[in-house]
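# What the coordinates show
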Amino acid sequence: MMMVIRRFEEEAARHYAKGNIGGFLHLYIGQEAIAVAATEVLEDRDYIFQTYRDHGIALARGMPANAAMAELFGKDTGCSRGLGGSMHFFDVERGFLGGWGIVGGHLALAAGTAFKSKYAGEDRVTMCFFGEGSTNIGGFHEAMSLAGLWKLPVVFVCENNQYAMGTPLERTSPLKDLSIKAKGYGMVGDRFEGHDVEVVQERIAEAVARARAGDGPTFVEIQTYRFRGHSMSDPAKYRSRTELEQRKQQDPVALVRERLLGLGVDENALDDIDLEVDEEIDAAVRFADESAPAREEVMMSTVLAPEGDS
Amino acid sequence: MRKLRYREALREAMFEEMERDDRVFLMGEEVGHYQGAYKVSEGLLDKYGERRVIDTPIAEAGFAGVGIGAAMVGLRPIIEFMTWNFSFVAFDQIISNAAKVHQMSAGEIQVPIVFRGPNGAAKQVSSQHSHSAAPFYTHIPGLYVVQPSTARDAKGLLKSAIRSNNPVVFLEGETLYGVAGEVPDEGVEELIPIGESRLARAGADCTIVTWGRPYYTVLAAAEKLAAQGIECEVIDPRTLRPLDTALMVQSLKKTNRCVVVHEHWPYGGPGAEIVDRLQREAFDYLDAPLERVTGLDVPMPYALNLEDTVLPTEERVIDAVKRVSYAK
Ligand SMILES: Cc1ncc(C[n+]2csc(CCOP(=O)(O)OP(=O)(O)O)c2C)c(N)n1
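Residues numbered from 1 in each chain as written. Chains lettered and ligands numbered in written order. Predicted model: local features only at pLDDT ≥ 70, side-chain atom pairs only at ≥ 80, totals over all residues. Heavy atoms only, no water.

To continue, consider the overall build of chain A. Scanning chain A from terminus to terminus reveals 12 helices and eight strands. In summary, chain A has a C-alpha radius of gyration of 19 Å against a globular reference of 19 Å for 310 residues, a match within 12%. Along the longest, intermediate and shortest principal axes, the C-alpha atoms of chain A span 55 × 50 × 40 Å. Pairs at least 24 apart in sequence give 72% of the contacts found in chain A among residues at least 6 apart. When the accessible surface of chain A is totalled, it reaches about 13400 Å², and 52% of it is carbon and sulfur. Looking at chain A, you have 33 positive and 49 negative side-chain charges, and the mean spots of the two groups are 6 Å apart. (Helix = DSSP H or I, 4+ residues; strand = E, 2+ residues; numbered from the N terminus. Rg over C-alpha atoms; globule rule 2.2 N^0.38 Å. Contact = heavy atoms within 4.5 Å. Areas by Shrake-Rupley, 256 points an atom, 1.4 Å probe, with all protein chains shown as cover. Lys, Arg positive; Asp, Glu negative; His and termini not counted. Charge placed at Lys NZ, Arg CZ, Asp CG, Glu CD.)

F8, M69, L72, M127, F129, V155 and I222 of chain A are the most contacted members of the largest nonpolar core, which totals 59 residues. For this core, the element with the most residues is helix α2 (residues 32-41) of chain A, which contributes seven residues. Leaving out residues up to four positions away in the same chain, V155 of chain A has contacts with V125, T126, M127, C128, A207, V208, A211, T218 and V220 of chain A. One finds A71, W84, I113 and V249 of chain B within the second-largest nonpolar core, a separate group that totals 41 residues. (Core = buried A, V, L, I, M, F, W, Y, C linked by side-chain atoms within 4.5 Å. Buried < 20%, exposed > 50% of the residue type's maximum accessible area, 1.4 Å probe, protein only.)

All names here are of chain B. For the coordinates displayed, the defined rule picks out 23 aromatic pairs over all chains. Ring geometry for F81 and W84: centres 5.1 Å apart, planes at 65°, overall edge-to-face. Each member of the pair, F81 as well as W84, is classed as buried. By way of ring pairs, the aromatic residues F63, F81, W84, F88, F91, F115, F136 and Y137 are connected into one cluster. (Phe/Tyr/Trp six-rings, centres within 6.5 Å; stacked < 30°, edge-to-face > 60°.)

Once that is clear, we can look at the pairing of strand β3 (residues 126-131) of chain A. All names here are of chain A. Burial of β3 is extensive: six of the six residues sit out of reach of the surface. Residue alternation in β3 divides its side chains into two sets, T126, C128 and F130 and M127, F129 and G131, and both sets are buried. Here three bridges tie strand β1 (residues 47-51) to β3, and the two strands are oriented parallel to one another. Bridge pairing links Y47 to T126 in β3. Sheet topology note: the β3/strand β4 (residues 154-160) ladder contains six bridges and is parallel. Considered in β4, the bridge of C128 is made with F156. Taking the sense of rotation as the criterion, the β-α-β connection linking β3, helix α6 (residues 138-149) and β4 turns out right-handed. (Pairing = 2+ DSSP bridges. Right-handed = clockwise from strand over helix to strand, strands pointing away.)

All right, on to the sheet that holds strand β5 (residues 114-119) of chain B then. All names here are of chain B. Strand order in the open sheet made by the seven strands is β3-β2-β4-β5-β7-β6-β12, with mixed pairing throughout. Among the strands making up the open sheet, the edge pair consists of β3 (53-55) and β12 (239-241). Between one strand axis and the next, the sheet turns by 20° as a mean value, whatever way the strands run. With two bridges connecting them, strand β6 (residues 144-146) and β12 associate as antiparallel partners. (Axes fitted to C-alpha atoms, helices over the stretch in contact; angles between N-to-C directions.)

Here you go:
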C-alpha cells in the first residue's frame with residue numbers, strides 16, 4: 001500500500017506538470033507510513049478526516065486509485081465527481097469524510113462525528129489528521145477543548161512534517177514537543193517518529209483503544225517529513241539539500257523493503273509487487289484520462305440536499 | 001509612465017509607505033522569509049527586517065486582532081491574508097472590532113489598518129479557496145472596501161489605504177498579479193482617493209460597470225462588440241464601499257442602458273447595490289432593465305470545464321449587452 005501511495009503521488013506530480021491536473025496539489029510523499037499504519041488500526045465503521053494533503057490516507061483507506069486519479073483529472077468518475085479536486089477527496093462509504101482546505105477547520109467536525117458516536121452509543125472512533133502548522137489556529141484549540149471536556153472518542157493526529165508551507169516549526173511555535181499541549185485540554189498526549197510503519201501502528205493503536213474504551217481523546221504528534229514542496233507551486237528553497245538527503249535516509253517505503261528483504265523475502269517477489277503497483281497506477285491514469293468530464297447537472301443539483309424524507 | 005505588474009505596483013506602494021512612516025508594518029503568513037506566498041512582499045524583509053516584516057503562525061483571528069489592537073494605539077498595520085478565503089476565521093475581528101470600535105468609543109479610537117491579499121477564484125482551487133469576499137465586507141458600515149483592477153489603481157489605492165485612518169479591506173486578484181499596466185514614473189507620487197470610480201473605456205451605446213478579474217473579460221468583450229457596431233463605455237468603481245455612482249449616472253445619461261459584470265455571487269453584494277442605486281438615480285434615462293452578469297450561484301467546482309462556466313465569460317457579457325441594446 002505504501003508503494004501504491006508513493007507511485008500514485010509521483011504520477012500525480014507528472015500529470016500536474018503536463019497540465020492534466022490543476023489547482024493546488026499537495027503530495028504525501030515521505031509520510032506514507034502514517035496513513036498505512038493508521039488505517040490498519042481502524043475498523044471499517046470508523047471515521048477519518050484529513051487536510052487537503054489527502055490522497056495518501058484515502059488510498060490507504062481503500063479508495064480505488066481510479067476514483068482518486070479521476071478526481072484529480074476533474075472527471076465525473078472521480079471520488080467527488082470532479083467537483084472537489086485534490087484537496088477535497090470524499091469516500092463516505094469507507095468513512096473517509098474529507099479532505100478539507102481551511103487550516104484547522106475540520107478538527108471540530110471530527111469532534112462532531114465523535115460526538116455522534118457517543119450520542120448514539122455507537123462504537124465508532126474518529127481519527128483526524130492535520131499538520132503541525134495547524135496547532136496555532138483557533139479551530140484547533142476549540143476542537144481540542146470540547147473533545148477533552150466531553151471525553152469524545154477521537155484521536156487527533158498531528159503529522160509534524162516540520163514545515164508549515166515555508167515556515168519551520170521553530171518559527172511558529174515556542175514548543176519543540178507539541179504533544180505537551182494535550183495536557184492543557186485534559187487529554188493524553190503521545191509523540192513518536194513516523195517513518196517506521198510498525199512503530200506508528202503500535203503507538204497509534206493505543207490511542208484508538210483509549211478512544212474505543214471511552215477513555216477520551218488523545219493528541220498524537222508524529223514526527224515526519226515531506227520529501228516534496230508544500231504544494232506543486234513550492235520549490236522548497238527554505239530547506240537545504242543536505243537536510244532533505246538526510247531525511248530521505250529514513251524513507252518509510254525503502255525501510256519496509258529493507259526489512260522484508262532482511263526477513264528473507266525474495267527480492268523478485270518484491271519487484272513483482274512493484275510492477276503490479278505500476279500497472280495499477282498506469283491503469284488509473286488511463287481510466288482518468290478516458291472518463292467523461294465533470295457534469296454541470298451534478299454541480300447544479302448538489303448545491304442543496306433534496307427535501308422530503310427527514 | 002512605465003509598465004509594472006500589478007504585484008510590483010503593490011510592492012512599491014508598501015515600500016514607499018514603509019519608507020515614509022515607521023508606524024507602518026507588514027504582518028502575515030509567509031510574508032517575510034518566504035518573500036510572500038504570491039511574492040507581493042518580495043524584498044521587504046531584507047530592507048526592513050523582522051521588526052517590521054513579521055511572519056506569523058497560521059492564526060488569522062490572532063494576527064488580525066493583534067493588528068487591530070496595535071492600530072488602536074497608533075501603529076498603521078498592513079495585515080496580509082494569504083488569501084481572503086482565510087479571512088473568514090478572522091471575520092469576527094474585522095466586523096465586531098475593527099469596524100465598530102471607532103463609534104463604540106464615541107470617536108475616541110481610530111483603527112488605521114489595511115487588510116489585504118488575493119481575492120476571488122484563482123484556477124481550479126475549488127470551493128473553499130475561490131470566494132469573492134466583497135459582498136461580505138461591503139455589507140459592513142465602518143469599513144472601506146477597495147478592489148483595484150489595474151496596476152496603477154493597485155498602487156495608488158494601496159498608498160491611500162495605508163494613509164487612511166479607517167480599516168480598509170483591500171481585495172487583490174491572484175490572477176491579476178502578473179498583469180502589467182502603466183504606473184507613474186518613479187518619484188512621481190500618486191495617491192488615488194478611496195471612493196472614486198474611473199472611466200476605463202469610452203463609448204456611447206452601453207455602459208458596463210465592472211471590477212476585478214471580469215474587468216479584463218469586459219474589455220475584451222467590448223472590443224468584439226465594437227467590431228459589431230456597439231460601443232461600450234466601461235466604468236470601474238475601484239472602491240466598492242463607499243460607492244461612487246456619479247460617473248455611472250453620467251454615462252447612463254448618454255447610453256441609456258447598463259450591464260454590471262462581477263465575479264461574486266448574484267445574491268446581494270456590490271453588484272446588486274449598484275443596480276439598486278442606478279435604477280433610482282438614473283431612472284428617467286433608462287431604456288432597458290439593468291442587467292447583471294455574475295459568477296453562477298453555486299460553490300466553485302474544481303473541474304476546469306465547470307469553473308469556466310461559473311465565472312463570467314465574454315459570451316455572457318456580449319449576450320447581456322445585446323439584450324439591453326435590443327440588438328441581435
Ligand atoms: C485558515 C487558513 N490559513 C491559511 C491557509 C493556507 N495554507 C494552506 S496549508 C498551509 C500550511 C499548513 O501547514 P501544516 O498545518 O503544517 O500542514 P502541512 O501542509 O505541512 O501538512 C497554509 C498556510 C489555509 N488553508 N487556511
